[in-house]
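What follows is the residue order along each chain.
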Amino acid sequence: MKKLKIASIPGDGIGKEVVPAAIDVLKAVSEIHGGLSFEFMDFPYSCEYYLEHGSMMPEDGLKRLKDFDSIFLGAVGNAKLVPDHISLWGLLIKLRREFEQQINIRPAKLLNGVRSPLVNPKDFDLIVVRENSEGEYSEVGGRIFREEDEIAIQNNIFSRKGTERAMHYAFDLAAKRNKHVTSATKSNGIVHSMPFWDEVFKDVAKNYPEIETDSQHIDALSAFFVTHPDKFDVIVASNLFGDILTDLGAAIMGSIGIAPAGNINCNGKYPSMFEPVHGSAPDIYGKGIANPIGQIWTAKMMLDHHGENEIGNVLLDVVECTTADGIMTPDIGGKHSTEEVTEEIIKRLKEKA
Ligand code: NAD
Ligand code: IPM
Ligand code: MN
């Protein structure tokens, strides 16, 4: 029996609703699989934890998490309790950086029964490979307080190593898919880092003669996500461009509540971390209407990551049968609660046994 040790961090807001839901689904997955089991350990790291302990996780938090097979995270952020820059640097970004999760993969495709806000969407199935450790999210910068001349500075850092890594990941992924990589750029010389990004893209592309490539300015690319999402296969993007593009990807799927993601540690030294694209959604927290599909689809990505693609595909099929029958939360036009959708998915999964 294969056993996966999973550290679960529900975090804040609806993370506390959708993570337990997705864990119940994973327990059902292990029941029907027969050869796969999970050992979950819960970690309460969150803004509430901060209020009690003065930090988002204990000093040895990384050590406690390091030996798990994966981390399953909900969302971080409750600005009413803790300013976002403290909670995010103290937990979410810290885990991504310290565990060298340098790639963030974020697929977007239409699910049966879920209506896209696009008027007449052609079927699309794309995946954004987001550089996850540097770029616009660098730690270099700060504020200079000088009365009315106060300034804020943010330096973008693009290393050749980090940029190449993201691009190789995108090309390797495209080789297994539809053999097309689009680079999200802004190469018209305004942003200094982007001509460099383009140069690295061209260099890396030379190693993959079988893969078609194109480059789109991020502004035009965002428009194409709305007008022609079906034209994309793999898109490689910097940290901030990828962040924005993937909320747009979520929107054209029908809701940010269904978009999954994985923060991948590529060198095998640390656990990868699976967390949906959405945040803690304070506006709906506690109402029981958070869409659990983003977290459940994220669980499927975690299964794929551990070589369990077959059962992962069964899980996504079951999710789609459920949405196709209209059993969904209000964000995608349904009337059901988080719990009802989760129970239905579990029931249908068990019918597969
Ligand atoms: P958000 O993703 O939390 O919410 C944006 C909108 O989408 C809201 O209207 C929300 O109700 C809706 N939504 C999100 N998830 C949903 C779901 N599962 N079902 C139904 N509707 C859903 O983004 P925000 O409002 O910009 O951020 C709120 C907090 O979350 C902030 O503190 C932010 O920093 C944090 N955040 C954390 C992460 C993360 O931990 N990965 C990601 C994004 C935002
Ligand atoms: C995401 C989030 C985070 C990011 C924030 C909360 C720091 O928006 O995971 O998409 O920008 O990476
Ligand atoms: Mn985001």
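Under an unreviewed UniProt entry, the protein chain has the name D-malate dehydrogenase (decarboxylating) and belongs to Metabacillus bambusae. Taken verbatim from the UniProt record of the protein chain, the Sequence similarities (unreviewed entry) comment is "Belongs to the isocitrate and isopropylmalate dehydrogenases family." Word for word, the UniProt comment on the protein chain under Catalytic activity (unreviewed entry) is "(R)-malate + NAD(+) = pyruvate + CO2 + NADH".

What follows concerns the overall build of the protein chain. In terms of helices and strands, the protein chain carries 11 helices and 12 strands. In terms of overall dimensions, the protein chain is globule-like: its C-alpha atoms have a radius of gyration of 20 Å, near the 20 Å expected for 353 residues. When the backbone C-alpha atoms are referred to their principal axes, the protein chain occupies close to 55 × 50 × 40 Å. The long-range share in the protein chain, meaning contacts at least 24 apart out of those at least 6 apart in sequence, stands at 75%.

A word on the site of ligand 2. Residues in close proximity to ligand 2 include L88, L92, D243, V277 and G279, which together make up its full environment. Tallied by class, residues from the shell around ligand 2 come to 3 nonpolar, 1 polar and 1 charged.

Let us now look at the sheet that holds strand β10 (residues 234-237). Sheets are built from strands paired through backbone hydrogen bonds, the pairs being either parallel or antiparallel. In space, the 10 strands of this open sheet follow the order β2-β1-β3-β12-β11-β4-β5-β10-β8-β9, with mixed pairing throughout. The open sheet terminates on both sides in strands that have one partner only, identified here as β2 (36-42) and β9 (212-217). Strand-to-strand, the axes of this sheet are offset by a mean angle of 25°, without reference to chain direction. In this sheet, β10 lies alongside strand β8 (residues 180-185) in parallel orientation, the contact comprising 3 bridges. Bridge pairing in β10 links S183 to V236.

With 13 residues, helix α9 (residues 293-305) extends 18 Å between its outermost C-alpha atoms, agreeing within 8% with the 18 Å of an ideal straight helix rising 1.5 Å per residue. Among the structural elements, α1 (15-33), β3 (70-75), β11 (262-264), β12 (272-274), α10 (309-324) and α11 (338-351) are those in contact with the buried residues of α9. Following α9 by one or two positions, G307 has its phi on the positive side, about 80°.

Partitioning the protein chain into domains gives domain 1 (1-107 + 260-353) and domain 2 (116-143 + 155-253). The gap between the C-alpha centroids of domain 1 and domain 2 is 24 Å. The interface is formed by 12 residues belonging to domain 1 together with 15 residues belonging to domain 2. When residues of the side of domain 1 that touches domain 2 are traced back to their parent elements, those giving at least two are α4 (84-98) and β4 (103-109).

Two numbers describe how helix α5 (residues 160-175) lies on helix α6 (residues 193-205): the axes approach to 10 Å, and their chain directions differ by 50°. Regarding the angle of α5 to α6, the classification is oblique. Here α5 and α6 pass one another in a crossing that is right-handed. Residues R160, T163, E164, M167, H168 and F171 of α5 pack against W197, V200, F201 and V204 of α6. Here the residues of the contact of α5 with α6 sort into 6 nonpolar, 2 polar and 2 charged.

Every one of the 23 residues lining ligand 1 counts as a neighbour, but G77, G257, H278, G279 and N291 are closest to it. Among the elements that line the shell around ligand 1, the one with the most residues is α4, at 3 residues. When grouped by side-chain class, the residues that make up the shell around ligand 1 number 12 nonpolar, 7 polar and 4 charged.

What follows is about the pairing of β3. With 6 of its 6 residues buried, β3 lies for the most part within the structure. Sheet analysis places strand β1 (residues 2-11) next to β3, joined by 5 bridges and oriented parallel. Paired with I6 across the strands is S70, a residue of β3. Of the strand pairs in this sheet, β3 and β12 are connected by 3 bridges, and their pairing is parallel. Bridged to I71 within β12 is M273.

Along helix α7 (residues 218-227), the residues classified as buried are I218, L221 and F225. Buried residues of α7, seen end-on, are gathered within an arc of 50° and therefore sit on one face of the element. Exposed residues pointing more than 90 degrees away from the buried face of α7 are listed as D219, A220 and T227. Contacts made by the buried residues of α7 are with β8, β9 and α8 (239-253).

What counts as what
- Residues numbered from 1 in each chain as written.
- Chains lettered and ligands numbered in written order.
- Predicted model: local features only at pLDDT ≥ 70, side-chain atom pairs only at ≥ 80, totals over all residues.
- UniProt positions renumbered as here; feature names shortened; annotations may be inferred.
- Helix = DSSP H or I, 4+ residues; strand = E, 2+ residues; numbered from the N terminus.
- Rg over C-alpha atoms; globule rule 2.2 N^0.38 Å.
- Contact = placed C-beta atoms within 7 Å.
- Near = placed C-beta within 6 Å.
- Nonpolar A, V, L, I, M, F, W, Y, C, P; charged D, E, K, R; others polar.
- Pairing = 2+ DSSP bridges.
- Axes fitted to C-alpha atoms, helices over the stretch in contact; angles between N-to-C directions.
- Expected span 1.5 Å × (residues − 1).
- Domains from an automatic or database assignment.
- Parallel < 35°, antiparallel > 145°, perpendicular 65-115°, else oblique.
- Left-handed = near helix turned anticlockwise from the far one by under 90°.
- Buried ≥ 20, exposed ≤ 12 C-beta atoms within 10 Å, placed from the backbone.
- Arc of directions from axis to C-beta.

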